[in-house]
Structures are given as structure tokens and as C-alpha cells.
Amino acid sequence: MQDYHDFLDEILFTQEQIEARVAELGKQISRDYAGKDLLVVCLLRGALVFTSDLLRHMTIDPELDCMSLASYGVGRYSSSGNVRVHLDLRTNIEGRDVLLVEDIVDSGRTLAHVLNMLRTRDPASLRVCVLLDKKMRREVPVQVDYVGFDVPDKYVFGYGIDIDEHCRHLPFIATVDLERYQKPS
Ligand code: IMP
Ligand code: MG
């Protein structure tokens, strides 16, 4: 894998900016779910870093579960929304207040698929928190209740979000210069 400095285009959000926004979201969610028995569902793997920071900014005491999806028929940097469940929830969500946490909403296909699937399990409520929203790319309408930041139509990485499974460890979020990026062999 190339050194990320070789393909980094622009830092969109610094570690400090992310920390401040995630803290705000944690407080807002805690206010909105005060007195409720919240279940946070982290969509692996992209939302792992975000979810773990978000939880630590909550003043309520939610349960946590995780789901992992496998996309297929995917273009290089886009999702087809043809997703199957690779790892399902352990928790029965019937009658539960569920908050789904995702890294990025782009076309909306992935979230639409997961939301439809979870709705069939009759949760009391189902809301969505995404770190990044690529609004102009939306093809399928999805209601997103909490958004960290809006982002332009560019490929991003860092803070849990990968480029070809790398760069998840970086504390900031940056755009890729695809001209300079070499896909690992
Ligand atoms: P959607 O189904 O088109 O909304 O795509 C959402 C999924 O695509 C997210 O869960 C991300 O995993 C992935 N994705 C979309 N844009 C990016 C990006 O810029 N960097 C890394 N992953 C992305
Ligand atoms: Mg993803």
C-alpha cells in the first residue's frame, strides 16, 4: 500500500473538528433518547471508529450491537446496494428504539436496504446517524436523522473509512487524488 501522503488531496476535517462534532452529536442523541432504552447498531466496518467515539460522548447508557454487510456487484468506488448480511444482530429489536450508525451515505442504496430489512423486525423506532453525507449523490431517498458533516462528491478516507481496506486508522478525514492513487495489487 502506498503512503497516504502520496495520494492525499485535501484534509476535509481535522481530528479536532471531528472530535467537536462527534461530541455534539453524542449530546444531542442523549437528549433525544433521555429516558429511553436505546440500542445503537454499528454498521461494520466503516462506522466502527465513529461509533466508539460517539458512544463515549453519550450521557445515556445505550446497548450496542453490530452488523456487517457484504456488497456485491460493486463498482470500484460506488455501491450497487446489492447487499447481503454477513454478520447479523444478536439483539432482538422488536419493540426497541434503534439508532443505526453508518460512516457514509452516498447513493443511499446500502442504508435503504438495511432500513427495509430492520423495519420488518418491528422496532419501536428506527433512526439513522451518519458521519458523512454525500447529499448530491443520492439516488434512493433515505431519511437521515443525524449527520456529522456534508461532504462533496469525492472519495474520502480516514477515521474508520477505508480506501481498499487501508487508512482507517487516520484521525482525520481526507479526499483522495485518484490520479495519484495506485490500487494495491
Ligand atoms: P451507498 O449505498 O451508495 O449510499 O454507499 C454507502 C457505502 O459506500 C458506505 O457504507 C461506504 O462504505 C461506501 N462509501 C461511499 N463513499 C465512500 C468514500 O468516499 N470512501 C469510502 N467508502 C465510501
Ligand atoms: Mg460501508
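Because the structure is predicted, anything quoted here is derived from the model rather than measured.

Inspection of the entire model under this criterion finds 4 aromatic pairs. Through a chain of ring-to-ring contacts, the aromatic side chains of Phe7, Phe157 and Tyr181 assemble into a single cluster.

Strand order in the open sheet formed by 6 strands is β4-β3-β2-β5-β6-β7, with mixed pairing between adjacent strands. Since the sheet does not close on itself, it has two edges, and those belong to β4 (83-87) and β7 (146-150), each with one partner. Each adjacent strand pair in this sheet contributes to an overall mean axis angle of 30 degrees, direction not counted. Here strand β3 (residues 63-71) runs beside β4; their pairing, made up of 4 bridges, is antiparallel. Of the residues in β4, the one forming a bridge with Ala70 is Arg84. Across the sheet, helix α2 (residues 48-55) lies against β2 (38-44), β3, β5 (97-105) and β6 (125-133), angled at about 155 degrees from β2, the strand it touches most.

Another point: the sheet that holds strand β8 (residues 156-157). Spatial strand order, β1-β9-β8: 3 strands in an open sheet with antiparallel pairing. The open sheet has two edge strands, β1 (8-13) and β8, and neither has a second partner. The sheet contact formed by β1 and strand β9 (residues 173-176) spans 4 bridges and is antiparallel. When the sheet's bridge partners are listed, Leu8 is paired in β9 with Val176.

The rules we used
Residues numbered from 1 in each chain as written. Chains lettered and ligands numbered in written order. Predicted model: local features only at pLDDT ≥ 70, side-chain atom pairs only at ≥ 80, totals over all residues. Heavy atoms only, no water. Phe/Tyr/Trp six-rings, centres within 6.5 Å; stacked < 30°, edge-to-face > 60°. Pairing = 2+ DSSP bridges. Helix = DSSP H or I, 4+ residues; strand = E, 2+ residues; numbered from the N terminus. Axes fitted to C-alpha atoms, helices over the stretch in contact; angles between N-to-C directions. Contact = heavy atoms within 4.5 Å.

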